[in-house]
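Results of the structural survey
Listed below, chain by chain, are the residues.
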Amino acid sequence: MALSRTPLFNACAQLKAKMTEFSGWEMPVQFSGIKKEHAAVRDRVGMFDISHMGKFFLQGPSVIAPLQTLVPSDLARLVPGKAQYTVLLNPEGGIIDDIIVYLQAPADNGDERVAIIVNAATCGGDRQWIEEHLDRSAISFRDRTLEQALIALQGPQAISTLQPLIDTDLSTIPRFGHATLPLLGSSAFIARTGYTGEDGFEIMVDPETAIELWDTLFNAGAIPCGLGSRDTLRLEAALALYGQDIDATTTPLEAGLKWLVHTQSKGDFIGRNILEQQQNEGVSKRLVGLQGKGRHIARHNYPLSVNGISVGKVTSGTLSPTLGYPVALAYVPVEYAKIGQTIDVEIRGKFYPMQVVKKPFYRAG
């Protein structure tokens, strides 16, 4: 089956990107090297083609209210120009996907307008799940995944790199704020969000503008980055990867996403009874951060044990380029989730100690 390609595929190929298959897309995994790209984002500014991510646009007299039934977060708190990171839940409280909901300015007729960015791997399932639970006679749903490109510009120099192209003062857009602004003669949806642990923006534009923007940012000094450095950056910031660190069998309370669950301020939603039970009785497992020594990497699915007793498996792991030591995420029984707990990881038949530490491993600034 042929892989899909983003509008920026040729631009990435011209820069000699190493390509890989990812969720049905042919995507750049690295350009100059994962370590160099990682350092560029931490120290300066990097740019990523993330056009493969799902892009949904909803409009109707009331959109937020019905969306409230699909997520544990209180979307009624949103005002136009703000966004909420949250999760779609199944009836068991498991995470169907982690998403960002952006409330846009009302339409000319007063309709609510919402944009939702979802993961590429779950795009089709998310679209079906959302459409099944909304009144399609009252809400228009448009999947613009293939119509729009998406570039992430990340790093401490993100504002200074993008600002010459934008008349509006970008520093006035708060974290998780967003705006639709003129850019290179077109209209761009610009959000101060990202997946690297650094300041930055995610910029949605039409394909032709995206190609011009990619070249302009490159000429301004932004370093092209691939999925490899995106993964090490997000892991240092302890940001979950769907399909590894969170999935349909894990709840937001187990995944350390308690701050997304607003049972006190909102009404019923799918999975609420399970989350309320976990709030009252506690969870049996918890996603923890693990820190090791040396250069032995605890990779995905490596076994974990305490005193020879199996306590789980690694969900994500790497040798942190910024910190210089191994870090990992893993679900373990709550009795082993305390800060300071030593847990052994099995790597090629040998056992290496890691310690439960506070997340995130790295914090900007």
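How each quantity is defined
Residues numbered from 1 in each chain as written. Predicted model: local features only at pLDDT ≥ 70, side-chain atom pairs only at ≥ 80, totals over all residues. Heavy atoms only, no water. Helix = DSSP H or I, 4+ residues; strand = E, 2+ residues; numbered from the N terminus. Contact = heavy atoms within 4.5 Å. UniProt positions renumbered as here; feature names shortened; annotations may be inferred. Phe/Tyr/Trp six-rings, centres within 6.5 Å; stacked < 30°, edge-to-face > 60°. Lys NZ or Arg CZ within 6 Å of the ring centre and 35° of its normal. Core = buried A, V, L, I, M, F, W, Y, C linked by side-chain atoms within 4.5 Å. Buried < 20%, exposed > 50% of the residue type's maximum accessible area, 1.4 Å probe, protein only.

Moving on: the environment of Gly271. If you trace the backbone, Gly271 turns up in the loop between helix H7 (227-236) and helix H8 (272-281). Between the C-alpha atom of Gly271 and that of Thr168, which follows or precedes it by 103 residues, the distance is 41 Å. The residues contacting Gly271, other than those within four sequence positions of it, are Asn90, Pro91 and Gly93.

This next bit is on the UniProt feature "domain: GCVT N-terminal" (unreviewed entry) in the protein chain. Following the UniProt record, one finds the feature "domain: GCVT N-terminal" (unreviewed entry) at residues 10-264. Counting secondary structure, residues 10-264 comes out at 22% helix and 31% strand; the distance between its end C-alpha atoms is 49 Å.

Under the definition given, this model contains four aromatic pairs. For the ring pair Tyr85 and Trp259, a centre distance of 5.9 Å and an interplane angle of 25° mean the geometry is stacked. On the criterion of sequence distance, the pair formed by Tyr85 in strand S5 (residues 82-89) and Trp259 in the loop between H7 and H8 is long-range, its members being 174 residues apart. Its guanidinium or amino end placed over the ring of Phe57, Arg144 lies 5.5 Å from that ring's centre, counting from NZ or CZ.

Turning next to the nonpolar core. Residues Phe48, Ile95, Tyr102, Ile246 and Leu257 are the most contacted members of the largest nonpolar core, which totals 40 residues. Put simply, the parts of the chain that give this core at least two residues each are S5, strand S6 (95-104), strand S7 (112-118), strand S9 (149-154), strand S11 (186-191), H7 and strand S17 (326-333). Among the elements that take part in this core, S5 stands out by supplying four residues, more than any other. Membership of the second largest hydrophobic core comes to 27 residues, among which are Met47, Ile151, Leu162 and Leu213.

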